[in-house]
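The chain contents come next:
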Amino acid sequence: MYAQMVKSESTDESAEAIAFQARIDAGEKIEPKDWMPAGYRKTLIRQMGQHAHSEIVGQLPEGNWITRAPTLERKAILLAKVQDEAGHGLYLYCGAETLGVTRDELTEMLLDGRMKYSSIFNYPTLTWADMGAVGWLVDGAAIMNQVPLQRTSYGPYARAMVRICKEESFHQRQGYDIMMKMANGTPAQKKMAQDALNRLWFPSLMMFGPSDAESTHSEQSMKWKIKMNTNDELRQKFVDQTVPQAEYLGLTVPDKTLKWNDEKGGYDFAEPNWDEFFEVLKGNGPCNTERLAARNKAWDDGKWVRDGMMAHAEKRKIRKVAAE
Amino acid sequence: MTDTTAYFEFLCRMGDNTLVLGHRVSEWCGHAPILEEDIALANTALDMIGQTQMWLGLAGEVEGEGRSADDIAMLRDAWDFRNCLLCEQPNGDFGQTMMRQFLFDAWHLAMLTELQNSSEQRVAEIAAKAIKEVQYHVERSGDTVIALGDGTAQSHERMQKALNLLWPYVGELFTPDAVDTAMAEAGIAPDLTKLRVGFDTHIGQVLSEATLAIPDSNFAHQGGKSGFQHSEHLGHILTQMQWLQRAYPGASW
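Residues numbered from 1 in each chain as written. Chains lettered and ligands numbered in written order. Predicted model: local features only at pLDDT ≥ 70, side-chain atom pairs only at ≥ 80, totals over all residues. Heavy atoms only, no water.

### Section: a negative patch on the surface
All names here are of chain A. Using the following cut-off: For patches, a residue must show more than 30% relative accessible area and have no salt bridge; joins then use 9 Å for like charges and 5 Å for nonpolar side chains, namely Val, Leu, Ile, Met, Phe, Trp and Tyr. Using a 1.4 Å probe, the Shrake-Rupley method yields the accessible areas, and only the shown protein chains count as cover for residues. By convention in these notes, a salt bridge is any Lys or Arg side-chain nitrogen within 4 Å of a carboxyl oxygen on Asp or Glu. This count recognises Lys and Arg as positive and Asp and Glu as negative, with His and chain-terminal groups excluded. A charge is said to be at NZ when it belongs to Lys, at CZ for Arg, at CG for Asp and at CD for Glu. Helix numbers and strand numbers start at the N terminus; a helix is a DSSP run of H or I with at least 4 residues, a strand a run of E with at least 2.
On the surface, a cluster of negative charge is contributed by Glu97, Asp104, Glu105, Glu108 and Asp300. Sorting elements by how many residues they give to the negative patch places helix H5 (residues 103-111) first, with three residues. Relative to the assigned elements, Glu97 resides in helix H4 (residues 72-97).

Here is the structure:
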């Protein structure tokens, strides 16, 4: 899930708000020019913005390995994947812009820390197996959340998700393919694969956000259908899907309490360390400082480029008018 | 020099150019001035890595010693690399990266245009496939050079500095040696000196629109494509690019 702890605004009891809720209940899509409650608009901007920021910051942990990819094919696949992610960021920013905020405004809020991105991207990628684990676990967790979002109530968001989901499932498959190679490779490769799972398992579970019992924002967002499932439902589904995949790889999920529960038809598993999660959100994850510094540097160093391009576009416009 | 040796050298030159420049461009990933540029840079790098697979794959076949494109890319040391010096120059700022790209793209387009008529069918086929990508690369790098050259005073100054810095690396692309001569005589590749006229016209138009002045010097660094003397930069590129293959020999990825 690339949007975590998105604070939901409350709605009101006006006739418009009641009619709006009726449209959502009837499964209609809300489009940019339709009336919508201010709270719905604000919550969506937060959620789509956070989702877009996650795609953008998410380029960094994978970009970290592009220059070290072990084969030309792996390098090409990883480049294509990171390019897709930048593309997802672009659709999502465009989607958010239909709600009356600009991409530059959202970017500024990311850079000065007013807006967040997914906690997962504050963890380091230390070996090539992490490229496999990120695709397998992180994209796998993201898909859990994004597939239902194809049915979200806001039209532009739902349509962006349709395209994004197609690409994400390719990303997950390529991640699992890397893991297969590593898990069936030399002892050193297998060790890398296990080490990646050990480090990324709990951070992946954190991606869904804290338990619903402690999540204060879920209820209204679910009513508005901008959140389709509870955090716990999605986390359970993710664990149930992922544990057999780990077994197939011959890897051990780093959770001694993990056990199939016949009664509920799913695994019992340990909660991640939520104190660590909240520290990461506060900026104390292993890579928060580097990630934000890298984005700020890219933005600051790029100012002369953006200014130059704008100035040139302006000159061309003037020349065109003069020529007419 | 036997025909096969020269042909292998030539294919390594084509493949190492795109490998090394593709590597350099991919260093930008996640750090570009604007999101659209992140996408475009990754896309350009991806195209060049794809072209590398074709050129070095064919090089391995021609050599006939069972080496794959990956073996050639990942297991040679710097002295066996045959890319021109321009491709291994550091990224610098975004303007320097795009100026390097434009100068290379303009040569690459001229080269691939002629290679489509190569006497070797495989070369003609690779050129025909690659040129579609390179036509787009040069359009984009040329447009960016124009926009930044003719943008603000600051962007103009940076682009002129980039052109001055990179200009001495252009000549190597057009200076024939024994390999180039053998290729031209076999009809596999064009006479490099004949490409220069079209190149000069092309870059002359773009740089003039960009309000940039071509340095008044024909000095040209040599030693990249012959492998005699690369810059110090190449070794550092290889320490990253080849690290996994070197650290875990024989592993399959």
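### Thoughts on the interface of chain B and chain A
Just so we agree on the cut-off: Throughout, a residue-residue contact means that at least one pair of heavy atoms, one from each residue, lies within 4.5 Å. Put simply, buried area is how much 1.4 Å-probe accessible surface two parts lose in total, over both of them, once they are put together. N or O atoms closer than or at 3.5 Å make up a polar contact, with two conditions inside protein: a donor-capable atom paired with an acceptor-capable one, and, for residues adjacent in sequence, both atoms drawn from side chains. Each residue is assigned to one of three groups, with Ala, Val, Leu, Ile, Met, Phe, Trp, Tyr, Cys and Pro labelled nonpolar, Asp, Glu, Lys and Arg labelled charged, and all others, Gly among them, labelled polar.
Facing 49 residues of chain B, the contacting portion of chain A comprises 48 residues. With both chains or domains summed, chain B and chain A bury close to 4100 Å², and 68% of this area falls on carbon and sulfur atoms. Put simply, chain B and chain A have three salt bridges between them. A salt bridge links B:Glu36 to A:Arg103; its shortest N-O distance comes to 2.5 Å. For the pair chain B and chain A, the interface holds 14 residue pairs in polar contact (both at pLDDT 80 or more). Elements supplying a minimum of two residues to the side of chain B that touches chain A: helix H1 (3-26), helix H2 (35-63), helix H3 (69-74), helix H5 (94-115), helix H6 (121-149), helix H7 (153-166), helix H11 (233-241) and helix H12 (243-247) of chain B. Here the side of chain B that touches chain A gets 12 residues from one element, more than from any other, and that element is H2(B). Of the residues assigned to the side of chain B that touches chain A, the class counts are 25 nonpolar, 16 polar and eight charged.

### With respect to the environment of B:Ser252
With respect to the secondary-structure elements, B:Ser252 resides in the segment after H12. When neighbours within four sequence positions are excluded, B:Ser252 is seen to be in contact with A:Lys181 and A:Gln189. A polar contact is formed between the side chain of B:Ser252 and the side chain of A:Lys181, at a distance of 3.0 Å.

### Section: empty space enclosed by the protein
All names here are of chain B. Our working rule: Grid points spaced at 1 Å over the protein atoms alone were grouped into cavities, where a 1.4 Å probe fits but cannot get out, and pockets, open sets with protein on both sides within 12 Å along at least five of seven lines, with lining residues defined by an atom within 4 Å of a point. Grid points are joined across faces, edges and corners, and a volume is the space filled by probe spheres set on the points.
Enumeration over the complete set of coordinates arrives at five cavities of 30 Å³ or more. In this structure, the second largest cavity spans a volume of roughly 120 Å³. No other element matches H1, which puts four residues into the lining of the second largest cavity. Of the residues assigned to the lining of the second largest cavity, the class counts are seven nonpolar, one polar and five charged.

### Examining unusual backbone geometry
With a phi angle near 55°, A:Lys225 is a residue other than glycine that sits in the positive phi range. The phi torsion at B:Thr211 lies on the positive side, around 55°, for a residue other than glycine. Looking at the secondary structure, you find B:Thr211 in the loop between helix H10 (192-209) and H11.

Remember, this is a structural readout, not a statement about activity or role.
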